[in-house]
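Here is what each chain is made of, one letter per residue.
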Amino acid sequence: MTFHLSLNSIYFFVALLILARADFYDDLGISRKATLKEIKKAYRSKSLEFHPDKNKAEGAADKFGEISRAYEVLSDEEKRQIYDERGEEGLKRHEDGGGGFGGGGGFDDIFSHFGFGGRQRQDDGVQRTPSVEIPLRLTLQQMYEGVELEVDYVRQTLCMNWEMCMKTSKECQGPGVKVKMQQIAPGFVQQVQQRDNNCVARGKMWKPNCRDCPKGKTQPEKISLSVEVTPGMRAGERVSFESVADEKPGMEAGDLHFVILQVDVNPVLFTRDGDRLYKTMEIPLVDALVGFKRTLEHLDGHKFTIQVDKVTECDHVMRVPGKGMPRRSGRGFGDLYLTFEIDFPEELSAEQKAGINKILRGDMKDEL
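## Quick look at the overall build of the protein
1) Next: For the protein, the helix and strand inventory stands at nine helices and 15 strands.
2) Next: With 368 residues in all, the protein has 34% of them scored as buried.
3) Next: For the protein, restricting intrachain contacts to residue pairs at least 6 apart in sequence, the fraction spanning at least 24 positions comes to 63%.
4) Next: Accessible surface, the protein: about 23,700 Å² in total, of which carbon and sulfur atoms supply 50%.

## Considerations on the state of the cysteines
Two cysteines, two sulfur atoms, one covalent bond between them: this is a disulfide.
1) Next: Inspection of every chain in the model, using the stated rule, returns three disulfides.
2) Next: Cysteine 159 shares a disulfide with cysteine 213; S-S distance 2.0 Å. Disulfide cysteine 159-cysteine 213: torsion about the S-S bond near -95°, hence left-handed. With a gap of 54 residues between them, cysteine 159 in the loop between β2 (147–158) and β3 (166–174) and cysteine 213 in the loop between β6 (199–206) and β7 (218–229) connect regions that are remote in the sequence.
3) Next: Between the sulfur atoms of cysteine 165 and its disulfide partner cysteine 210 the distance amounts to 2.0 Å. Here the disulfide of cysteine 165 and cysteine 210 is left-handed, its torsion about the S-S bond being about -80°. With cysteine 165 in the loop between β2 and β3 and cysteine 210 in the loop between β6 and β7, this pair connects stretches of sequence that are 45 residues apart.

## Brief notes about the pattern of salt bridges
1) Next: Enumeration according to the criterion identifies 20 salt bridges in this entry.
2) Next: Residue arginine 276 is joined to aspartate 62 by a salt bridge in which the shortest nitrogen-to-oxygen separation is 3.0 Å. With arginine 276 in strand β11 (residues 276–284) and aspartate 62 in helix α4 (residues 60–74), the pair connects residues that are 214 residues apart, well separated along the chain.
3) Next: By relative accessible area, which is 40% here, aspartate 62 ends up partly exposed.
4) Next: A salt bridge links glutamate 72 to arginine 319, with the shortest nitrogen-to-oxygen separation between them at 2.6 Å. Of the two residues, glutamate 72 is situated in helix α4 and arginine 319 in strand β14 (residues 316–320); the sequence distance between them amounts to 247 residues.
5) Next: The buried category is assigned to glutamate 72, whose relative accessible area is 19%.
6) Next: Take arginine 319: its relative accessible area is 15%, and that puts it in the buried class.
7) Next: One continuous salt-bridge network, built from bridges that share partners, spans Arg69, Glu72, Lys79, Arg319 and Asp335.

## Some thoughts on the nonpolar core
Soluble, globular proteins show a tendency: their nonpolar side chains are buried together.
1) Next: Residues Phe258, Ile306, Leu338 and Phe340 are the most contacted members of the largest nonpolar core, which totals 37 residues.
2) Next: If near-sequence neighbours (up to four positions away) are discounted, phenylalanine 258 is found in contact with Ile134, Leu136, Val151, Leu225, Val227, Glu237, Arg238, Val239 and Phe241.
3) Next: In terms of nonpolar packing, the next biggest core, distinct from the first, is built from 23 residues, Ile30, Ala61, Val73 and Tyr337 among them.

## Points about the side chain of arginine 80
1) Next: Inspection of the secondary structure assignment puts arginine 80 in helix α5 (residues 77–96).
2) Next: Here alanine 34 takes part through its backbone oxygen, which lies 2.9 Å from a polar atom of the side chain of arginine 80.

## Brief notes about α4
1) Next: For α4, which comprises 15 residues, the first-to-last C-alpha distance of 21 Å matches the rise-based estimate of 21 Å (1.5 Å per residue) to within 8%.
2) Next: The buried fraction of α4 is high, at 12 of 15 residues.
3) Next: For α4, the full list of buried residues reads Ala60, Ala61, Phe64, Gly65, Ile67, Ser68, Arg69, Ala70, Tyr71, Glu72, Val73 and Leu74.

How each quantity is defined
Residues numbered from 1 in each chain as written. Predicted model: local features only at pLDDT ≥ 70, side-chain atom pairs only at ≥ 80, totals over all residues. Heavy atoms only, no water. Helix = DSSP H or I, 4+ residues; strand = E, 2+ residues; numbered from the N terminus. Buried < 20%, exposed > 50% of the residue type's maximum accessible area, 1.4 Å probe, protein only. Contact = heavy atoms within 4.5 Å. Areas by Shrake-Rupley, 256 points an atom, 1.4 Å probe, with all protein chains shown as cover. Disulfide = S-S within 2.5 Å. Salt bridge = Lys/Arg side-chain N within 4 Å of Asp/Glu carboxyl O. Core = buried A, V, L, I, M, F, W, Y, C linked by side-chain atoms within 4.5 Å. Polar contact = N/O pair within 3.5 Å; in protein donor to acceptor, adjacent residues only side chain to side chain. Expected span 1.5 Å × (residues − 1).

Function cannot be read off these values alone, since they describe shape.
As structure tokens, this is what we get:
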């Protein structure tokens, strides 16, 4: 039985998959009636369990992002009310005034998981020389901004007059393959396949010591390539050039792939997971108690400011929308997640202790 899906049906099916995810309360493992104290407790437990610096399991970073987003919404009274009344889509419209499907590459990235799209070289049965992979070492800053690199590559190209050095041979069945008939008994013969580098194609053999190609079948050639790395590309992705690997008679040239390798993994600056960036910041105890404002410098040198007005708990994670890596689709940026570590003083003077006692315990008496 064969089923035919229209494009509209596919879009509808993918839309259902996007919407069919656990809600923010499920992400934190709490009930819809949970108090702010219960939300904070659940978030602290979940964030420690799935923090990328502590949990290297596959999917942990995605789970951590969901937990952080859930806490950001449910710990804010206004956002929580909007979410309870209108759902996640209503909250997104409230936050940015937009609707529809956003971020993460949209339908293009989603369809690739179902086998739609994605340009791949087809197997057309033509024999090719081996493709070549070369590591392309890039910094996180280069992957953030994008970069164009000029690279010289030396490959083997066919002798100018290589066709003059070919002769007919029925024994040649393909590049490097020679087949001979061998008698094994009176009236009985069998085909024997042998390796012969002079066979360059079916029915074609290279003539050794050919005057038209005194240096052999191939000769080295230096070519210049412009390797363009677009903003947001990731480690392991390729920048490919078709048919520029070594040439051989009777074969098409393979492809040349530059494989991105990140070389400056420095957690003091930023660490990356997909479109997300992570950074750990140390703040003094006084800032954790009374709030603070910080100006940070991004990978490309631009500065941005964060402000925290509430009490900051140790290992608290703050999401800064739009300050992650550029999305490969070209539509916006991922998010930045800041983890705050509190620098407690090693000791306090008697006067400082008295002052803190007076302030904090005085507030407690007022509450009573």
